[in-house]
Amino acid sequence: MPSVRVVPSLTVSAVARRLGVAPATLRTWDRRYGIGPSSHEAGSHRRYSAQDMIRLEHMRRLVIAGVPPVDAARDALNAEVLASDDDASEPNAVYMASVTELIRRPAAAKVMTVSESTGRPGGGHVIALPGASATSRGLARAALALDGPTCSAIIDASIELQGVIPTWNDLLVPVLAGVGERWSSTGKGIEIEHTLTGAVISSLSEVMRRLKAPLNARAVILAAADREQHSLPLWAVAAGLAERQISVRLLNEPMPASSLVQAVQRIGPAAVFVWSQTSVSGDPQEIATLPHFRPAPRVLVGGPGWCGDLPRGVDRVASLSDAVARIARAAGE
Ligand code: B12
């Protein structure tokens, strides 16, 4: 008996649930841009095939990344889609090329907020992004949708085109600040912070992995202060240094003060950078002995958590580019 190939098909509401968009949005995309179910069986409701699903997922990712729906639909309809059991939630080469193209374009008009699921300005569940770029808004939308792969793809494409420091300052800081504000005003959104954190670390660590032949003879230690759980700026410094061929020892979990002292004694680094984000950490006394070991390391601190006067021999850096430049100099660049 010949085998019958069962082609899976989905209703509008099933597709809407899977994509995280309203069924009305799907009908609008179909009516306005012609991106809908490709077959229509007489007498039955319209159903979406696996290929339709892949095209729609592609369109959704582009819209999240800030591409106007009309362009996103054209791109998705022209994309070569292989009918298979592929997981449509994985970004593919066509999608990456489209996101890269998007980031090459100058920022579009500015909006103040990005709202959950619809992308409309305002609304109940929003991230405020005053003056942010279209790409930052796309990243915020992807983070709100808890779409880690899209967050990573947007960050990777930006690093590829602009480098680590502009990506941190122009793309990531506005979104991190917006997500933080959302938490402090509503008490909600830790899941968004975790999605973003995972994507940021994955993209920045990829830059670090590409460093094969570091230039620095002496080590550089980057550490989170005692009791400090915020570590993203350390990853940014590490990736910024990797772009300059400088490798680091990254201690990105809260570092007990005595352990940091022992690590510096043992490794004899050219530079030590300690990050404190919050007032639970950043006690200057905990790093007072570091500048006095021999050979003497350059000791730098960063972050809003440091309070009071810094010990002799310890300096504060003001920004990511300042941190990277001063550490690179200390490491002999
Ligand atoms: C991601 C995040 C987390 C993640 C951290 C993951 C990780 N591995 O790092 C998780 C979910 C774990 C987390 C947990 C918590 N977080 Co949190 N978190 C953030 C968030 C969104 C980003 C942190 C970050 O990387 N900031 C770095 C840059 C983006 O921000 P910034 O330091 O303000 O930047 C300024 C300067 O430092 C400088 N700068 C910028 N980049 C760089 C880089 C370098 C190298 C230098 C030198 C300077 C520099 O320029 C900026 C402009 O002035 C912030 C929001 C925010 N605005 O920071 C909240 C935030 C830091 N968290 C906050 C809080 C309260 C918490 C929690 C206590 C409660 C909670 N929200 O769950 C817990 C517990 C943490 C703990 N016990 O230590 C508050 C801190 C408030 C305060 N002043 O103490 C913030 C500010 C949110 C808010 N608006 O209220 N958090």
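Because the structure is a prediction, the values reported are computed rather than measured.

Caption draft 1: Just the coordination of the cobalt atom of the ligand, in detail. For the cobalt atom of the ligand, the sole protein-derived donor is His230 (NE2), lying 2.2 Å away. For His230, the position within the fold is in the loop between strand S5 (220–224) and helix H10 (232–243).

Caption draft 2: Up close: the pairing of strand S7 (residues 271–275). Most of S7 sits out of view: five of its five residues are buried. Residues Ala271, Phe273 and Trp275 of S7 are buried on one face, and the alternating residues Val272 and Val274, pointing to the opposite face, are buried as well.

Caption draft 3: Expanded view of the pattern of salt bridges. Tallying each qualifying case throughout the model produces 10 salt bridges. Arg60 is paired through a salt bridge with Asp147; the nearest N and O atoms lie 2.8 Å apart. Here Asp147 lies in the loop between helix H6 (134–144) and helix H7 (148–162) and Arg60 lies in helix H3 (residues 50–64), a separation of 87 residues in the sequence. Given the relative accessible area of 11%, Arg60 is considered buried. Take Asp147: its relative accessible area is 7%, and that puts it in the buried class. Of the charged contacts, one joins Glu286 and Arg227 as a salt bridge, the two residues approaching to 3.3 Å between their closest N and O atoms. Here Glu286, found in the loop between S7 and strand S8 (298–302), pairs with Arg227, found in the loop between S5 and H10; they are 59 residues apart in sequence, far enough to count as distant. The class of Glu286 is partly exposed, set by a relative accessible area of 21%.

Caption draft 4: Inspection of unusual backbone geometry at higher detail. Note that the residue after Arg294, namely Pro295, is joined by a cis bond; omega there is 0 degrees. Its place among the elements puts Pro295 in the loop between S7 and S8. Phi at Leu146 takes a positive value of approximately 55 degrees, unusual for a residue other than glycine. With respect to the element layout, Leu146 can be found in the loop between H6 and H7. Residues other than glycine seldom take positive phi values, yet Gln245 does so here, at roughly 65 degrees. Following the sequence through the fold, Gln245 ends up in the loop between H10 and strand S6 (249–254). Judged by its relative accessible area of 35%, Gln245 falls in the partly exposed class.

Caption draft 5: Main features of the pairing of S8. Burial within S8 is extensive, with four of its five residues counted as buried. Sheet analysis places S7 next to S8, joined by five bridges and oriented parallel. Each bridged residue has a counterpart across the sheet, and for Val274 the counterpart in S8 is Val301. As defined by bridge partners, S8 adjoins strand S9 (residues 314–316) across three bridges and the pair is classed as parallel. Opposite Val301, over in S9, you have Arg316 as the bridge partner.

Caption draft 6: A look at the sheet that holds S5. The five strands lie next to each other as S6-S5-S7-S8-S9, forming an open sheet whose pairing is parallel. Pairing within the sheet leaves two strands with one partner each, and these edge strands are S6 and S9. For this sheet, the mean inter-axis angle between neighbouring strands, taken without regard to orientation, is 20 degrees. Each of S5, S6 and S7 is contacted by helix H11 (residues 257–267), which is oriented at about 175 degrees to S5, the strand it contacts most.

Caption draft 7: Geometry of the packing of H7 against helix H8 (residues 164–186). Viewed as axis vectors pointing N to C, H7 and H8 meet at an angle of 135 degrees, and their least axial separation amounts to 8 Å. With respect to H8, the axis of H7 lies oblique. The two elements H7 and H8 cross, and the hand of that crossing is right-handed. Here Ile154, Ile155, Ser158, Ile159 and Gln162 of H7 lie close against H8, whose contacting residues are Val164, Pro166, Thr167, Leu171 and Leu172. When the residues that make up the contact of H7 with H8 are grouped by side-chain class, the tally is seven nonpolar, three polar and no charged.

Caption draft 8: Molecular detail of the site of the ligand. What surrounds the ligand is a group of 26 residues, the closest being Trp168, Ile190, His230, Ser231 and Gln277. The contact in question runs from a nitrogen atom of the ligand to an N or O atom on the side chain of Trp168, over 2.9 Å. Those elements giving two or more residues to the shell around the ligand turn out to be H8, helix H9 (190–209) and H10. The element that contributes the greatest number of residues to the shell around the ligand is H8, accounting for seven residues. When its residues are assigned to classes, the shell around the ligand shows 13 nonpolar, 10 polar and three charged. Composition of the shell around the ligand by domain shows at least three residues from each of domain 2 (113–208) and domain 3 (212–330).

Caption draft 9: Quick peek at the packing of H6 against H9. The N-to-C vectors of H6 and H9 enclose an angle of 120 degrees; their axes lie 8 Å apart at closest approach. As the angle between them shows, H6 and H9 are arranged oblique. Two packed elements cross with a definite hand, and for H6 against H9 that hand is right-handed. Side by side, H6 and H9 meet where Leu139, Ala143 and Leu144 of the first sit next to Ile192, Thr195 and Leu196 of the second.

Each value, and the rule that gives it
- Residues numbered from 1 in each chain as written.
- Predicted model: local features only at pLDDT ≥ 70, side-chain atom pairs only at ≥ 80, totals over all residues.
- Heavy atoms only, no water.
- Donors = N, O, S within 2.8 Å, 3.2 Å for Na, K, Ca; no water.
- Helix = DSSP H or I, 4+ residues; strand = E, 2+ residues; numbered from the N terminus.
- Buried < 20%, exposed > 50% of the residue type's maximum accessible area, 1.4 Å probe, protein only.
- Salt bridge = Lys/Arg side-chain N within 4 Å of Asp/Glu carboxyl O.
- Pairing = 2+ DSSP bridges.
- Axes fitted to C-alpha atoms, helices over the stretch in contact; angles between N-to-C directions.
- Contact = heavy atoms within 4.5 Å.
- Parallel < 35°, antiparallel > 145°, perpendicular 65-115°, else oblique.
- Left-handed = near helix turned anticlockwise from the far one by under 90°.
- Nonpolar A, V, L, I, M, F, W, Y, C, P; charged D, E, K, R; others polar.
- Near = heavy atom within 4 Å.
- Polar contact = N/O pair within 3.5 Å; in protein donor to acceptor, adjacent residues only side chain to side chain.
- Domains from an automatic or database assignment.

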